[in-house]
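Letter by letter, the chains look like this.
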Amino acid sequence: MAKKIKIIVAKPGLDGHDRGAKLLARIFAEEGMEVVYTGLRQTPEMIVAAAEQEDADVVGLSSLSGVHNYFFPKVVELLKSKGLNDVLVVGGGIIPIEDYDFLQKSGVKAIFGPGTPTMDIVSFIKSNVRAR
Amino acid sequence: MFDEKVLEKIKGGKEKWDQGPVAKTLAKAPEQKPVFTTISGTPVERLYTPLDIAGLDYERDLGFPGQFPYTRGVQPTMYRGRYWTMRQYAGFGSAKDTNARYRYLLQQGQTGLSVAFQLPTQAGYDSDHPLSMGEVGKVGVAVDSIEDMKVLFDGIPLDKVTTSMTINAAATVLLGMYLALAEEQGVPWDKVGGTVQNDVLKEIICRGQYIYPPKPTMRLTVDLIEFCQKHVPRWNTISISGYHIRESGSTAAQEMAFTIADGIAYTQACIERGMDVDSFAPRLSFFFNAFTNVLEEVAKFRAARRYWAKIMKERFKAKDPRSMMLRYHVQTGGVTLTAQQPLNNIVRVALQTYATALGGAQSLHTNSYDEALCLPTQEAVTVALRTQQIVAEESGATDSIDPLAGCYYVEQMTNKIEQEIDDYIKKIDAMGGTLAAIEQGYIQKEIQNSAYRFQKEIESGERVYVGINKYTMEEPPPTNLLKVDMSVGDVEAAKLKKLRAERDQAKWKAALDKLRQVSQTDENVMPAVIEAVKAKATVGEICDVWRDIYGQYRPKEFV
């Protein structure tokens, strides 16, 4: 039997909107993943430290305060610097479509905007996560 | 309200109708859904009749506007005398950018200001703090010192507008700056009007802009209330907020219940400080959400008005009628907006505005249709403001007070929501009060469960959301979005550097030392805060004094 997918759900920066992050944490768990929710006010360093410590397969970043272009690439960069190249990074929140391209080029594999069915997110993760 | 005999007749008639025409129709064609529910998940019957409100006592349960229990409104003439205050929450970029937006809004007929501060300011950090990186000027205006505040209100006389400031854990600091600025403008404090949100409990429950642990943060909240009661009599000292509770996923009844639970906690804390209930309660204000289900929202507002009046009278023994009046601001539901087919949001906001008007609010912010995508553009803000003006001046909703009173549906829903509020308050009392319920994660979990239920309903298609799970279509990516310049952060950092170099160092140090000393005693901190902001101490510096003394709050996560 394959090992469970381990996912860090993180809220970078000062943003307090955590309805989506918490909801997804619950749904990921129901879908058989092992979930670590970091809580609010995470720096990229804290998020990557959690990923490293937990040996996470996936990092899910949620931002609704417009800081995605600053924080998301930083998380990817730091993961790489720790040699965690195969950790799947995805993001969601209030993110203008015109920023998707930049974020994807920076290594965020997918961005999920408002109204995305949660099962789309689950199946994207399941089909793109590293082999375990 | 109804004669027994009349009720008997209606009962007979209803039974016949159920067994006759209804049964016959259902046999031919079932209804569209097996169960109809409000957006909160409350079941809705096919038909409401006097039977559903048979126990309603007009004098006891409804009364007259401006009279206990205020079900029908808090003022005797309501919108016939004056419309609600049209107050758009706004702030982005630098103080200068936001000042221009304020002047525009006032020119367009807005009647009050509402300041959106950037997250660093709300969390008590200066713009150049490491945790502020990427956040400066993003979802609100950057205010670090009184110098920014001066620019923010440039050309706006503080005795001519009222200002609402969404600031909570750092409310004492920003109010301090506002009062110092009033002094500079030559406006006496008893002519200054407005509101600070100052509601730290809901930050811990759901909004996330906390700084200090519950006890010391409550001390600052009560200090502000006490200070204003003595020196700034027209200031609304707190805006006890259900808005964010609803945004986080609660039902309508939970929104009202948990907000009232917070209100009870603040009232209790002020009384424990030694204040007489009637000395501060008239200046407590509230802040709620408005969703699209008009009838449920109207019922929710009426139920909360009636329940709060009874709490103040019966539990806290208030005597001044103003202490019993639930006065509130409303913001239309941010979370109801869709990124898909964004123009549809104009319709949602219009319905929510209509619900607000029928519900009897004192003040309203209408969201802009593009807010699921970005901060609103000027065009979108204008439509939002016009929506209020159309509902106020064209729809007729404002001509007669509480026009839905007596509607069987709305009255029974009002009763039902009040009952739900009461059940929650009793449960929270039994847990040891609001702080204990928050500490145990009870309130947070209740909200999360409702959010989860709603999400499941949307994804199963059981509940229709236009543009999300029905009537979807391919659309080109949206254009014309507002973007905040990333360089604001550098500009603000440079301004701070200059401020720190140029201010009177001795005066600054003395003011912060004094604040530190006072904060370790039971003395009210407000005078020392005002001296510190005048000495150009920054938001971050003042909040750091308290971080040192009180520590920082780290929530337990309940997922």
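These numbers come from a predicted model, not from an experiment.

S.K.: What exactly am I supposed to notice about the overall build of chain A here?
M.R.: Secondary structure assignment for chain A yields 5 helices and 5 strands. In chain A, the succession of helices and strands from N to C terminus is β-α-β-α-β-α-β-α-β-α. In terms of overall size, chain A behaves like a compact globule, its C-alpha atoms giving a radius of gyration of 13 Å where 132 residues would be expected to give roughly 14 Å. With the C-alpha coordinates aligned to their principal axes, the bounding extent of chain A is approximately 40 × 35 × 25 Å. A burial count over chain A gives 57% of its 132 residues as buried.

S.K.: In this structure, what is going on with the interface of chain A and chain B? I would like to understand it.
M.R.: Often, the extent of an interface is quoted as the loss of accessible area upon association of its parts. At the interface, 34 residues of chain A touch 42 residues of chain B. Buried surface at the junction of chain A and chain B, both sides included, amounts to about 3,100 Å², of which 56% is carbon and sulfur. Of all residues in chain A, A:Leu14, A:Arg19 and A:Arg41 give up the largest surface area on contact with chain B, accounting jointly for 27% of the area buried on that side. Linking chain A with chain B are 1 salt bridge, by the criterion used here.

S.K.: Can you help me understand the side chain of B:Gln254 in this one?
M.R.: All names here are of chain B. Residue placement: glutamine 254 occurs in helix H10 (residues 252-272). Its relative accessible area of 4% is what places glutamine 254 among the buried residues. With residues up to four places along the chain from it excluded, the contact list for glutamine 254 reads Ile245, Thr259, Tyr424, Glu446, Ile447 and Ser450.

S.K.: How should the domain arrangement of chain B be read in this particular structure?
M.R.: Residue and element names in this part refer to chain B. Taken as a whole, chain B is organised into domain 1 (4-53) and domain 2 (63-460). For domain 1 and domain 2, the distance between their C-alpha centres works out to 37 Å. Of the residues lining the interface, 12 residues belong to domain 1; the matching set on domain 2 comes to 16 residues. On inspection of domain 1 and its partner domain 2, the count reaches 0 salt bridges. At the junction of domain 1 and domain 2, the tally comes to 5 residue pairs in polar contact (both at pLDDT 80 or more). Looking at the side of domain 1 that touches domain 2, its residues break down into 6 nonpolar, 5 polar and 1 charged.

S.K.: Whenever I open this one, the pairing of strand E1 (residues 6-10) of chain A confuses me. Can you help?
M.R.: Remember that side chains alternate between the two faces of the sheet whenever the strand is regular. All names here are of chain A. With respect to burial, E1 is a largely interior element, 5 of its 5 residues being buried. Side chains Lys6, Ile8 and Ala10 project from E1 onto one buried face, and the interleaved Ile7 and Val9 project onto a second face that is buried too. Across 4 bridges, E1 lies against strand E2 (residues 34-37) in parallel orientation. Within E2, the position partnered with valine 9 by the bridge is tyrosine 37. Once the chain exits E1 it traverses helix H1 (residues 19-30) before rejoining the sheet at E2, and the crossover so formed is right-handed.

S.K.: How should the environment of B:Gln412 be read in this particular structure?
M.R.: All names here are of chain B. Inspection of the secondary structure assignment puts glutamine 412 in helix H16 (residues 408-430). Using a relative accessible area of 10% as the deciding quantity, one classes glutamine 412 as buried. Along the primary structure glutamine 412 and proline 50 are separated by 362 residues, whereas in three dimensions their C-alpha atoms are 9.4 Å apart. In this structure, glutamine 412 is in contact with Tyr48, Asp52 and Ile53, ignoring residues within four places of it in sequence.

S.K.: What is the right way to read the packing of H1(A) against helix H5 (residues 118-128) of chain A from this model?
M.R.: Helices that pack against each other are described as a pair by the angle of their axes relative to one another and the distance between those axes. Residue and element names in this part refer to chain A. At a minimum axis separation of 11 Å, H1 and H5 run at an interaxial angle of 55°. It follows from the interaxial angle that H1 and H5 lie oblique. In the crossing of H1 with H5, the sense of the turn from one axis to the other is right-handed. Contact with H1, carried on its side by Leu24, Ile27 and Phe28, involves Thr118, Met119, Ile121, Val122 and Ile125 of H5 and no other residues of that element. Of the residues that constitute the contact of H1 with H5, the class distribution is 7 nonpolar, 1 polar and no charged.

S.K.: Is there a simple way to explain the pairing of strand E3 (residues 58-63) of chain A in this structure?
M.R.: Residue and element names in this part refer to chain A. Counting buried positions along E3 gives 6 out of 6 residues, so the element sits mostly inside the fold. On E3, burial covers both faces: Val58, Gly60 and Ser62 on one face and Val59, Leu61 and Ser63 on the other are all buried. Judged from the 4 bridges that link them, E1 and E3 form a sheet pairing that is parallel. If you follow alanine 10 over to E3, its bridge partner there is leucine 61.

S.K.: Looking at this structure, I do not really get the side chain of B:Asp223. What am I missing?
M.R.: Among the secondary structure elements, B:Asp223 is positioned in helix H8 (residues 214-231). B:Asp223 sits in the buried class, given a relative accessible area of 0%.

S.K.: Sorry, what's going on with the sheet that holds strand E1 (residues 85-90) of chain B here?
M.R.: Whenever strands of a sheet pair, they do so through backbone hydrogen bonds, lying parallel or antiparallel. All names here are of chain B. Read from one edge of the open sheet, 9 strands run E5-E4-E3-E2-E1-E9-E8-E7-E6, paired in parallel fashion. On the outer flanks of this sheet lie strand E5 (235-236) and strand E6 (238-241), each paired with one strand and no other. Two strands pair when backbone bridges link them, and E1 and strand E9 (residues 363-365) are joined in this way by 2 bridges, in the parallel orientation. Bridged to threonine 85 within E9 is serine 363. Contacting strand E7 (284-290), strand E8 (328-332) and E9, helix H14 (residues 344-359) runs over the sheet at an angle of about 165° to E8.

S.K.: Hey, could you run me through the pattern of salt bridges in this one?
M.R.: Any two side chains of opposite charge can pair if their charged atoms end up close together. Residues and elements named next belong to chain B. Going through the model one piece at a time under the given rule, you end up with 52 salt bridges over all chains. One salt bridge in this structure joins glutamate 31 and arginine 46, with 2.7 Å as the shortest N-O distance. Taken together, the residues span a long stretch of sequence, with glutamate 31 in the loop between helix H1 (4-28) and helix H2 (58-62) and arginine 46 in the loop between H1 and H2 at a distance of 15 residues. Glutamate 31 gets classed as partly exposed once you look at its relative accessible area, which sits at 34%. In this structure, glutamate 492 engages lysine 495 in a salt bridge whose closest nitrogen and oxygen atoms are separated by 3.2 Å.

Rules behind the numbers
Residues numbered from 1 in each chain as written. Chains lettered and ligands numbered in written order. Predicted model: local features only at pLDDT ≥ 70, side-chain atom pairs only at ≥ 80, totals over all residues. Heavy atoms only, no water. Helix = DSSP H or I, 4+ residues; strand = E, 2+ residues; numbered from the N terminus. Rg over C-alpha atoms; globule rule 2.2 N^0.38 Å. Buried < 20%, exposed > 50% of the residue type's maximum accessible area, 1.4 Å probe, protein only. Contact = heavy atoms within 4.5 Å. Buried area = accessible area lost by both parts, 1.4 Å probe. Salt bridge = Lys/Arg side-chain N within 4 Å of Asp/Glu carboxyl O. Domains from an automatic or database assignment. Polar contact = N/O pair within 3.5 Å; in protein donor to acceptor, adjacent residues only side chain to side chain. Nonpolar A, V, L, I, M, F, W, Y, C, P; charged D, E, K, R; others polar. Pairing = 2+ DSSP bridges. Right-handed = clockwise from strand over helix to strand, strands pointing away. Axes fitted to C-alpha atoms, helices over the stretch in contact; angles between N-to-C directions. Parallel < 35°, antiparallel > 145°, perpendicular 65-115°, else oblique. Left-handed = near helix turned anticlockwise from the far one by under 90°.

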